[in-house]
Amino acid sequence: MQEKLAKANIPQMFLSILIGLVVTLLILFVLSLLTGIVVYYSSMSERLLSGCATAIIIIGAACGGFCAARYNGSRGLLIGLITAAL
């Protein structure tokens, strides 16, 4: 049983997920800030914000999942999906 856990390299998996979450939060913050600036200084309708928010969340989750999977190396799909789900 311990051999399977040693092969899984659990601390690296948690670190990968943590890195993915940090990247996701940074991307969400930056894109939300840019969207706020655009809405404030332009005549963009606030009705479009719902679609922009959805796009920002999808982009942030995808980028965070990609970074987590890339950092972990093995089992990238699993790590990326876990990160995107969080």
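Residues numbered from 1 in each chain as written. Predicted model: local features only at pLDDT ≥ 70, side-chain atom pairs only at ≥ 80, totals over all residues. Heavy atoms only, no water.

## A short note on the overall build of the chain
Point 1. Looking only at helices and strands, the chain features four helices and zero strands.
Point 2. Moving toward the C terminus, one meets the helices and strands of the chain in the order α-α-α-α.
Point 3. Within the chain, buried positions represent 23% of all 86 residues.
Point 4. Nonlocal contacts in the chain, meaning residues at least 24 apart in sequence, comprise 69% of its contacts between residues at least 6 apart.
Point 5. When the accessible area of the chain is evaluated, it comes to approximately 6,300 Å², of which 72% is carbon and sulfur surface. (Helix = DSSP H or I, 4+ residues; strand = E, 2+ residues; numbered from the N terminus. Buried < 20%, exposed > 50% of the residue type's maximum accessible area, 1.4 Å probe, protein only. Contact = heavy atoms within 4.5 Å. Areas by Shrake-Rupley, 256 points an atom, 1.4 Å probe, with all protein chains shown as cover.)

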